[in-house]
Amino acid sequence: MFLTALPLSLALVAPVSGLLADRFGSRWLAFGGLAVACLGLLALAQLDAQSSDWGIIWPLLLTGVGQGLFMTPMRAR
C-alpha cells in the first residue's frame, strides 16, 4: 500500500506538468523535476527499520512529484 504513493502522486502531477511545459517550456521544468526526485530519493535512502508510516510515504510522494514534473515534458519532445 505504501508504494501506491509514488504512482498516485505522479499521476496527479503529470497533467499539471504538461500544462506548465506548454506554457513555460520544458527546460526548467525538467531540471526542477529531477531536483525534486533526487531529494525524494535521498530521503528514501535514509529510511531504516524504525521509520514511521509517514516517514516512508512522504519521500515516495516527493519522488513521484519529481518524476511527474520531469517525465511529462520529456515525453512531449
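Above this text sits the structure in question.
Each value, and the rule that gives it
- Residues numbered from 1 in each chain as written.
- Predicted model: local features only at pLDDT ≥ 70, side-chain atom pairs only at ≥ 80, totals over all residues.
- Heavy atoms only, no water.
- Helix = DSSP H or I, 4+ residues; strand = E, 2+ residues; numbered from the N terminus.
- Buried < 20%, exposed > 50% of the residue type's maximum accessible area, 1.4 Å probe, protein only.
- Contact = heavy atoms within 4.5 Å.
- Expected span 1.5 Å × (residues − 1).
- Bend = angle between axes of the 7 residues up to and from the residue.
- Phe/Tyr/Trp six-rings, centres within 6.5 Å; stacked < 30°, edge-to-face > 60°.

Participant: Can you break down the overall build of the protein residue by residue, with the values?
Facilitator: Tallying secondary structure elements over the protein gives three helices and zero strands in all. Moving toward the C terminus, one meets the helices and strands of the protein in the order α-α-α. Projecting the C-alpha coordinates of the protein onto the three principal axes gives extents of approximately 45 × 20 × 15 Å. Across the 77 residues that make up the protein, the buried fraction comes to 32%. Intrachain contacts of the protein at a sequence separation of at least 6 include 75% that bridge at least 24 residues.

Participant: Outline helix α1 (residues 5-24), listing residues and values.
Facilitator: Relative to the 28 Å expected for 20 residues at 1.5 Å per residue, α1 spans 27 Å between its end C-alpha atoms, a close match to the ideal helical length. Along its length, α1 reaches its greatest deviation from straightness, about 30°, at A14, and the proline P15 lies no more than four positions downstream. When we look at burial in α1, the residues that qualify are A5, L6, S9, L10, V13, A14, S17, G18 and A21. Remark: G25 follows α1 within two positions and exhibits a positive phi of approximately 95°.

Participant: Can you explain the packing of aromatic side chains? Please cite residues and give values.
Facilitator: Taken as a whole and assessed by the stated rule, the structure comprises one aromatic pair. An angle of 90° between the planes, with centres 6.0 Å apart, marks the rings of W28 and F31 as edge-to-face. Of the two residues, W28 and F31 both sit in helix α2 (residues 27-45), three residues apart, roughly one turn of that helix. Its relative accessible area of 67% is what places W28 among the exposed residues. Here F31 falls in the exposed class, since its relative accessible area comes to 55%.

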